[in-house]
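The lines below spell out each chain.
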Amino acid sequence: MERRTFKNLIIGFGKAGKTLAKSLANKGESVAIVEQSTRMYGGTCINIGCIPSKSLIVNGQKGEAFTEAVLQKFSLVEKLNKKNYHMIADEQNATVIDGKARFLSDHEVEISEEGKPIMLVQAERIFINTGARAILPSILGMSESKNLVTSTGLMDLQEKPEHLLIVGSGYIGLEFAAMFLSYGSKVTIIDSHSMFLPRQDRDIAQRVKRDLEDAGAVFKLGYEINGVFDRDEESILNITRDGQAEEVQGNKILLATGRKPNTSGLGLENTSIKVGEAGHILVNEKLETSTPNIWALGDVHGGPQFTYTSLDDFRIIESQLYGDKSRTLSNRGELASSVFITPTLSNIGLTETIAQAQGTKYRLFRLEATSIPKSAVLGQSKGLLKALVDPDTQEILGATLYAEESHEVINILSLAMKAKLPYTMLRDHIYTHPTMSEALNDLFAPVNEVKL
Ligand SMILES: Cc1cc2nc3c(=O)[nH]c(=O)nc-3n(C[C@H](O)[C@H](O)[C@H](O)COP(=O)(O)OP(=O)(O)OC[C@H]3O[C@@H](n4cnc5c(N)ncnc54)[C@H](O)[C@@H]3O)c2cc1C
Ligand SMILES: NC(=O)c1ccc[n+]([C@@H]2O[C@H](COP(=O)([O-])OP(=O)(O)OC[C@H]3O[C@@H](n4cnc5c(N)ncnc54)[C@H](O)[C@@H]3O)[C@@H](O)[C@H]2O)c1
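- Looking at an unreviewed UniProt entry, one finds the chain named FAD-dependent oxidoreductase and attributed to Lactococcus formosensis.
- According to its UniProt record, the chain has this under Sequence similarities (unreviewed entry): "Belongs to the class-I pyridine nucleotide-disulfide oxidoreductase family."

## Some thoughts on the pattern of salt bridges
Then step 1. Scanning the entire structure with this criterion turns up 26 salt bridges.
Then step 2. As a salt-bridge pair, Asp203 and Arg366 come within 3.2 Å of each other at their nearest N and O atoms. With Asp203 in helix 7 (residues 202-214) and Arg366 in strand 20 (residues 363-368), this pair connects stretches of sequence that are 163 residues apart.
Then step 3. Residue classification places Asp203 among the partly exposed positions, given a relative accessible area of 22%.

## A closer look at the nonpolar core
Then step 1. Within the largest apolar cluster, 37 residues are counted, with the highest numbers of intra-cluster contacts made by Leu174 and Val208.
Then step 2. With seven residues, the top contributor of residues to this core is helix 6 (residues 171-182).
Then step 3. Excluding residues within four positions of it along the chain, Leu174 makes contact with Ser169, Ile189, Phe196, Leu197, Leu212, Phe219, Val339 and Ile341.
Then step 4. Grouped together as the second largest cluster of nonpolar side chains are 26 residues, Ile372, Leu385, Ile396 and Leu401 included.

## Examining the confidence of the model for the chain
Then step 1. When the pLDDT values of the chain are averaged, the result is 97; 100% of them are 70 or greater.
Then step 2. Both scores are given for the predicted complex: the pTM is 0.97, the ipTM 0.99.

## A look at the sheet that holds strand 14 (residues 244-250)
Then step 1. Spatial ordering of the open sheet is given by 12-13-14, a layout of three strands whose pairing is antiparallel. Each edge of the open sheet carries a strand with a single partner, namely strand 12 (224-231) and strand 14. Strand-to-strand twist across the sheet, computed as the mean angle between neighbouring axes with direction ignored, equals 25°.
Then step 2. With seven bridges connecting them, strand 12 and strand 13 (residues 234-241) associate as antiparallel partners.

## Quick look at the sheet that holds strand 23 (residues 449-450)
Then step 1. Read from one edge to the other, the open sheet built from six strands follows the order 18-19-22-21-20-23, with strand pairing classed as antiparallel. Single-partner strands in this sheet number two, and they are strand 18 (337-339) and strand 23.
Then step 2. Sheet topology note: the strand 19 (residues 345-349)/strand 22 (residues 396-402) ladder contains five bridges and is antiparallel. By the bridge assignment for strand 22, Ile348 is matched with Ala399.

## Some words on the site of ligand 2
Then step 1. In the vicinity of ligand 2 there are 21 residues, among which Ile172, Glu175, Asp191, Gln305 and Ser338 approach most closely.
Then step 2. A distance of 2.6 Å is found between an oxygen atom of ligand 2 and a side-chain nitrogen or oxygen belonging to Asp191.
Then step 3. Expressed as a share of its isolated accessible area of 850 Å², the protein-covered part of ligand 2 is 74%.
Then step 4. Ranked by the residues each element gives to the shell around ligand 2, the list is headed by helix 6, at four residues.
Then step 5. Class assignment of the residues belonging to the shell around ligand 2 gives a composition of seven nonpolar, 10 polar and four charged.

## Things to note about the site of ligand 1
Then step 1. Neighbouring ligand 1 are 37 residues, the closest being Glu35, Thr44, Lys54, Asp299 and Ser310.
Then step 2. In this structure, Lys15 approaches ligand 1 through a main-chain N or O atom, which is 3.1 Å from an oxygen atom.
Then step 3. Glu35 places a side-chain nitrogen or oxygen 2.7 Å from an oxygen atom of ligand 1.
Then step 4. Considered on its own, ligand 1 offers 1,000 Å² of accessible surface; in the complex 93% of this is hidden by protein.
Then step 5. Secondary structure elements with two or more residues in the shell around ligand 1: helix 1 (15-26), strand 2 (31-35), helix 2 (43-48), helix 3 (50-61), strand 4 (100-103), helix 6 and helix 8 (307-322).

## Notes on empty space enclosed by the protein
In this approach a probe as big as a water molecule rolls over the atoms, and the regions it shows empty are the leftover space.
Then step 1. Enumeration over the complete set of coordinates arrives at three cavities of 30 Å³ or more.
Then step 2. In this structure, the largest cavity spans a volume of roughly 50 Å³.
Then step 3. Per-class residue counts for the lining of the largest cavity are five nonpolar, three polar and one charged.

Cut-off values and rules
- Residues numbered from 1 in each chain as written.
- Chains lettered and ligands numbered in written order.
- Predicted model: local features only at pLDDT ≥ 70, side-chain atom pairs only at ≥ 80, totals over all residues.
- Heavy atoms only, no water.
- UniProt positions renumbered as here; feature names shortened; annotations may be inferred.
- Salt bridge = Lys/Arg side-chain N within 4 Å of Asp/Glu carboxyl O.
- Helix = DSSP H or I, 4+ residues; strand = E, 2+ residues; numbered from the N terminus.
- Buried < 20%, exposed > 50% of the residue type's maximum accessible area, 1.4 Å probe, protein only.
- Core = buried A, V, L, I, M, F, W, Y, C linked by side-chain atoms within 4.5 Å.
- Contact = heavy atoms within 4.5 Å.
- pLDDT = per-residue confidence, 0-100.
- Pairing = 2+ DSSP bridges.
- Axes fitted to C-alpha atoms, helices over the stretch in contact; angles between N-to-C directions.
- Near = heavy atom within 4 Å.
- Polar contact = N/O pair within 3.5 Å; in protein donor to acceptor, adjacent residues only side chain to side chain.
- Areas by Shrake-Rupley, 256 points an atom, 1.4 Å probe, with all protein chains shown as cover.
- Nonpolar A, V, L, I, M, F, W, Y, C, P; charged D, E, K, R; others polar.
- 1 Å grid on protein atoms, 1.4 Å probe; cavity = no way out; pocket = protein on both sides within 12 Å on 5 of 7 lines; lining within 4 Å.
- Points joined across faces, edges and corners; volume = space filled by probe spheres on them.

So this is what it looks like as structure tokens:
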């Protein structure tokens, strides 16, 4: 078997891993990056995650036919996959190794192709960036059904399902619901939780649910999934609520019940790397594992699962190994997030619900999206914007923007919070017109402060 030694070994071609590989190679260090699938050069985001899903969402909003949108998505992903491969493989000091990595010890990693060991790699430093994969709930009859899919399988379809059943009303469930509704599929969303969007304020959650229902979605909340069986081309899901059994039938069933860290099969049992209950690699605030010279980056170490947090993990490594060591997980600050439905739901920091639960004092500002001129221009005036301000410091404590283009506007709030700006800076700032950002003038206007 071939034996190779590198200064740096990166396992997994994810956002953090590829960015780190390029940076290390540019520093003149030898670096190898191992990827188990040629389909995944560049990782989840560009191949089976953010980019293909948003391409399908945007084309659906434009009224594109599904088959045309799928072709566009395939060609976009193919282009990005190649670009990502060459971004690393063309670097003089970098090597891309095709195969599945498995630790044999704290210092040795075996690479296999189709189950056959092909290489043994030793490295001074090892970075684990193996991402996460869909959690498959255990459903009676699931192995016999040909219609159960994850988000990856659903995006590989060439034809839209006439009726899509979605299990899970989190990020993936809601984004795929909005996506397939826009292509004209019938959509039923089933969740075991009886409260919709439990972490959101109720007024926001009710708006989101109502808007999805207006677009045609049917919600079944508080249901357990008992079993599945196929009849002709359709699948029937047996579901129960409060002891009452029901059947729902559809052509495809999307399982969107969360994603778990990719650690099984990685041979961690052969190392001294510690793993948490959810299968995630335990790291400290510098992303160091319990084994010296081995780090874990991205979804694999648990916590928020976003491409931008994986990228920030790269920044932490850079800061710790080559910089002033100031950047850590604990000083990352508040993270913004967006669910790409119509309109987009974006959050940062505290909601009213959380503020009340933890007894935090706040001033509340509230604006209907219908009063924003750009909403009228876009022909999409649904939505509600809320922001919480600290009554003592006048800094922004959090915001929920359920509005068109809120995935852009939320970044202004994120920057203002990071810079500890008083809310009046956003209220009095001169924005270009007509834009959704200028809604911040109005959101923070005295007239929109809610008396609590
Ligand atoms: C449908 C969907 C939509 C999403 N949309 C968004 C979004 O809009 N915005 C956002 O920020 N996030 C989104 N996410 C989440 C985001 O994609 C992930 O959080 C992010 O890609 C994680 O990156 P990572 O660096 O941890 O690893 P990944 O990009 O997951 O890369 C890990 C790589 O490691 C490889 N690998 C695993 N095990 C081994 C092994 N043993 N040997 C060799 N290689 C291995 C895998 O094949 C994979 O390529 C979405 C996810 C999904 C599924
Ligand atoms: N726009 C984005 O940033 C974006 C988009 C897609 C995915 N992601 C990332 O991917 C991760 C995974 O997304 P996800 O939607 O799979 O998970 P999620 O955690 O967001 O939602 C899972 C949902 O499934 C429900 N559920 C769990 N088990 C169930 C069961 N047995 N039966 C019925 N319902 C069940 C939960 O109540 C929850 O509502 C997200 O946490 C997010 O970090 C991000």
